[in-house]
Amino acid sequence: MGGWDWGFVSQIMPTLLRGLLVTFEATLLGSVLAFALGLVLALLRRAGIPVVSRLVWLFIEFVRSTPLLVQLYFLFFVLPDFGIRLSSLTAGVIGLGVHYACYTAEVYRAGIEGVPRAQWEAATALSLPRHRTWTRVILPQAVPRVLPALGNYVISMFKETPLLLAIGVIDLVGAAKEAGAGAYRYVEPYTLAGLLFLLLSYPAAVLVRRLERRVGH
Amino acid sequence: MFDNFELFLTTLLRGAPLTVAATGGGIVLTILLSFVAGLAMLSRSRWVRFLARVYVEGWRGTSEVVQLFWIYFAVPLLVGFQLVPLWAGILVLGLNHGAYGAEIVRGAVNAVPRAQHEGAIALNLGPAQRIRKVILPQAFVEMVPPFNNLFIQLLKSSSLLSLITVTEITNQGVQVLVPNYTGQALTIFLIMLVLYLILSLVITVVMRLVERWAARVAGRPATARARVTGELGI
């Protein structure tokens, strides 16, 4: 037992890479959902309807204070009781997207509030219509501020996609688990899975940090 | 819908001690590793800095699930003995969050104004005294809020231990209750989520008290946030 077997490595590599594709797919779709839904949540909180913004705040705090794994199980086990049957991957993407939307919503909020009040007042003084105030004045200043934070959440989500294996998605780690269980060799599959994560997420993290410094302060 | 509420609650609560033990153990290890690695990253020795960096980037760069499976399934095949699931879980929770905590410690120490270092030197304090008596008490106040978030992340991550057969709250719900009470998953999961919410509120309340204490030690007025908690008596 033990030891490193290169033959086994080359045998399981195609399986792992197929799993990695699923990981990418989940991260990509989850991020798109998190970016869009997060914006909706942030705008709902700003809309100035006390009941709505209070409810959205409660929802965000609740989701952020409870485990993503339990939320994934929730989608997978509870929704069928109400006649909604989702595939594992769909449930997983929705889980990731909603969970991270509650983080991106705060990012957008901070980004919008980071634009100085005087910018709003200047836009009013120039009597710019509301939508142009947003598209020409506020967003061009807010978006660069929020990009590094959003990037960090994409990287976090990438590293959390293995949770989807709990509801039956064969992602990178799910594939490693199956490859390992088949041969009762766990050293190679899990070490390779770890290295693949490091190889992909570390350069991304360095890029985001550089972006952070440029947008900075 | 709430027919079996009491049964569900008691079954889930049976998992609570393990969730609390895993989270508590993980937090202790996290604090230890955060300070060791965080201060090591500020060391004058290039090698110490390098080793601390490797630990921090390595554990932040890989997925927590992989780390858990690696420690629990792969390491025993390499070293010949297996950790008890709970201990393997605490180890991974601590190592993973310690890597994030190290950045908090490093950042907070760096944020202490240079003049404080210079003042301590002018008072003829030695390097150890400078760190212990002047720098850390001030840095500590800055660390508390980010550590609060980190500990809540750790609490949430403790649910991963259900994947390596630790019978904590999530495991009790998904392995014991859900298969036996089909159609009542909503109740089971709502109780489960509320239990986690309560535990994370407990962490926040404790950390606010710590923040007040830290501010007093550093000779600063309590922040508005900590004062409100104090006035509410919680």
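Identification of chain B as Ectoine/hydroxyectoine ABC transporter permease subunit EhuC from Gandjariella thermophila is taken from an unreviewed UniProt entry. According to UniProt, the comment filed for chain B under the heading Sequence similarities (unreviewed entry) is "Belongs to the binding-protein-dependent transport system permease family." On record in UniProt, under Subcellular location (unreviewed entry), the comment for chain B is "Cell membrane".

Per an unreviewed UniProt entry, chain A carries the name Ectoine/hydroxyectoine ABC transporter permease subunit EhuD and comes from Gandjariella thermophila. The Subcellular location (unreviewed entry) field of the UniProt record for chain A holds the comment "Cell membrane".

1. Description of empty space enclosed by the protein
All names here are of chain B. In the structure shown here, the tally under the stated rule is one cavity of 30 Å³ or more. By volume, the largest cavity amounts to about 30 Å³. Lining the largest cavity are Glu64, Leu68, Gly89, Val92, Leu93, Ser157, Leu160 and Leu161. Those elements that provide at least two residues to the lining of the largest cavity are helix 3 (64–79) and helix 4 (85–111). Among the elements that take part in the lining of the largest cavity, helix 4 stands out by supplying three residues, more than any other. Class assignment for the residues of the lining of the largest cavity results in five nonpolar, two polar and one charged.

2. Some thoughts on helix 3 of chain B
Look at helix 3 of chain B: 21 Å from first C-alpha to last across 16 residues, which is about the 22 Å you get at 1.5 Å a residue. When the local axis directions of helix 3 of chain B are compared, the greatest deviation, roughly 40°, occurs at Trp70 of chain B. In terms of residue burial, helix 3 of chain B counts as a mostly covered element, since 12 of its 16 residues are buried. Along helix 3 of chain B, the residues classified as buried are Glu64, Val65, Val66, Gln67, Leu68, Phe69, Ile71, Tyr72, Ala74, Val75, Pro76 and Leu77 of chain B. Turning to helix 3 of chain B, the residues buried within the fold contact helix 6 (130–160), helix 7 (172–183) and helix 8 (187–215) of chain A together with helix 2 (46–61), helix 4 and helix 6 (127–157) of chain B. Of the residues trailing helix 3 of chain B, Gly80 of chain B is marked for its positive phi of about 90°.

3. Quick notes on the environment of Leu177 of chain B
With respect to the secondary-structure elements, Leu177 of chain B resides in helix 7 (residues 169–177). Sequence separation between Leu177 of chain B and Thr11 of chain B is 166 residues; the distance between their C-alpha atoms is 7.9 Å.

4. Quick word on the UniProt feature "transmembrane region" (unreviewed entry) in chain B
All names here are of chain B. According to UniProt, the feature "transmembrane region" (unreviewed entry) maps to residues 20–42, 69–93 and 186–210 in the numbering used here. A distance of 33 Å separates the end C-alpha atoms of residues 20–42, which is 91% helix and 0% strand. Across residues 186–210, the secondary structure splits into 100% helix and 0% strand, with the terminal C-alpha atoms separated by 36 Å.

5. Here we look at the UniProt feature "transmembrane region" (unreviewed entry) in chain A
Residues and elements named next belong to chain A. Per the UniProt entry, the sites bearing "transmembrane region" (unreviewed entry) are residues 20–44, 56–76 and 190–208 in this numbering. Between the end C-alpha atoms of residues 56–76 there is a gap of 23 Å, over a span that is 90% helix and 0% strand. Overall, residues 190–208 shows 100% helix and 0% strand. The separation of its end C-alpha atoms is 27 Å.

6. As for the packing of helix 1 (residues 5–40) of chain B against helix 8 (residues 185–217) of chain B
All names here are of chain B. Helix 8 packs onto helix 1 with a crossing angle of 35° between their chain directions and a minimal axis gap of 10 Å. Classified by chirality, the crossing of helix 8 by helix 1 is right-handed. Every residue of helix 8 that contacts helix 1 at Phe5, Phe8, Leu9, Leu12, Leu13, Thr19, Val20 and Thr23 is listed here: Thr187, Ile188, Ile191, Met192, Leu195, Tyr196, Leu199 and Ile203. Considered class by class, the residues forming the contact of helix 1 with helix 8 number 13 nonpolar, three polar and no charged.

7. Regarding the UniProt feature "domain: ABC transmembrane type-1" (unreviewed entry) in chain B
According to UniProt, the "domain: ABC transmembrane type-1" (unreviewed entry) feature falls on residues 16–207 of chain B. With 81% helix and 0% strand, residues 16–207 of chain B has end C-alpha atoms that lie 20 Å from one another.

8. Describing the packing of helix 1 of chain B against helix 6 of chain B
All names here are of chain B. Across the interface, helix 1 lies against helix 6 with an axial gap of 11 Å and an inter-helix angle of 145°. In the crossing of helix 1 with helix 6, the sense of the turn from one axis to the other is right-handed. Residues Thr19, Ala22, Thr23, Gly26, Ile27, Thr30, Ile31, Ser34 and Phe35 of helix 1 touch helix 6, and the partners they reach there are Leu136, Phe140, Met143, Phe147, Leu150, Phe151, Leu154 and Leu155. Considered class by class, the residues forming the contact of helix 1 with helix 6 number 12 nonpolar, five polar and no charged.

9. A closer look at the UniProt feature "domain: ABC transmembrane type-1" (unreviewed entry) in chain A
UniProt's entry tags residues 20–208 of chain A with the feature "domain: ABC transmembrane type-1" (unreviewed entry), counted in the numbering of this structure. Span residues 20–208 of chain A is 81% helix and 0% strand, its end C-alpha atoms 22 Å apart.

10. What to know about unusual backbone geometry
Residues and elements named next belong to chain A. One non-glycine residue, Ser127, adopts positive backbone phi at about 45°. Inspection of the secondary structure puts Ser127 in the loop between helix 5 (117–125) and helix 6. Although it is not a glycine, Tyr184 adopts a positive phi angle of roughly 50°. Along the chain, Tyr184 falls in the loop between helix 7 and helix 8.

11. Re the nonpolar core
Val173 of chain A together with Phe69, Met143, Phe147, Phe189 and Met192 of chain B are the most contacted members of the largest nonpolar core, which totals 93 residues. Examining the composition of this core, we find that 11 residues originate from one element, helix 6 of chain B, more than from any other. Among residues more than four places away in sequence, those in contact with Met192 of chain B are Val70 of chain A together with Leu12, Ile169, Thr170, Gly173 and Val174 of chain B. Core analysis: the second largest hydrophobic core is formed by 11 residues, Ala52, Tyr55, Trp59 and Leu95 of chain B among them.

12. Section: a nonpolar patch on the surface
Residue and element names in this part refer to chain B. A contiguous nonpolar surface patch, about 760 Å² in accessible area, is contributed by Trp70, Leu78, Val79, Phe81, Leu83, Val84, Trp87 and Leu91. Elements supplying a minimum of two residues to the nonpolar patch: helix 3 and helix 4. Considering each element in turn, the nonpolar patch owes the most residues, three residues, to helix 3. Along the polypeptide, Leu83 turns up in the loop between helix 3 and helix 4. You can call Leu83 partly exposed: its relative accessible area is 32%.

Calculation rules
- Residues numbered from 1 in each chain as written.
- Chains lettered and ligands numbered in written order.
- Predicted model: local features only at pLDDT ≥ 70, side-chain atom pairs only at ≥ 80, totals over all residues.
- Heavy atoms only, no water.
- UniProt positions renumbered as here; feature names shortened; annotations may be inferred.
- 1 Å grid on protein atoms, 1.4 Å probe; cavity = no way out; pocket = protein on both sides within 12 Å on 5 of 7 lines; lining within 4 Å.
- Points joined across faces, edges and corners; volume = space filled by probe spheres on them.
- Helix = DSSP H or I, 4+ residues; strand = E, 2+ residues; numbered from the N terminus.
- Nonpolar A, V, L, I, M, F, W, Y, C, P; charged D, E, K, R; others polar.
- Expected span 1.5 Å × (residues − 1).
- Bend = angle between axes of the 7 residues up to and from the residue.
- Buried < 20%, exposed > 50% of the residue type's maximum accessible area, 1.4 Å probe, protein only.
- Contact = heavy atoms within 4.5 Å.
- Axes fitted to C-alpha atoms, helices over the stretch in contact; angles between N-to-C directions.
- Left-handed = near helix turned anticlockwise from the far one by under 90°.
- Core = buried A, V, L, I, M, F, W, Y, C linked by side-chain atoms within 4.5 Å.
- Patch = residues over 30% accessible without salt bridge, like charges linked within 9 Å, V, L, I, M, F, W, Y side chains within 5 Å.
- Areas by Shrake-Rupley, 256 points an atom, 1.4 Å probe, with all protein chains shown as cover.
- Salt bridge = Lys/Arg side-chain N within 4 Å of Asp/Glu carboxyl O.

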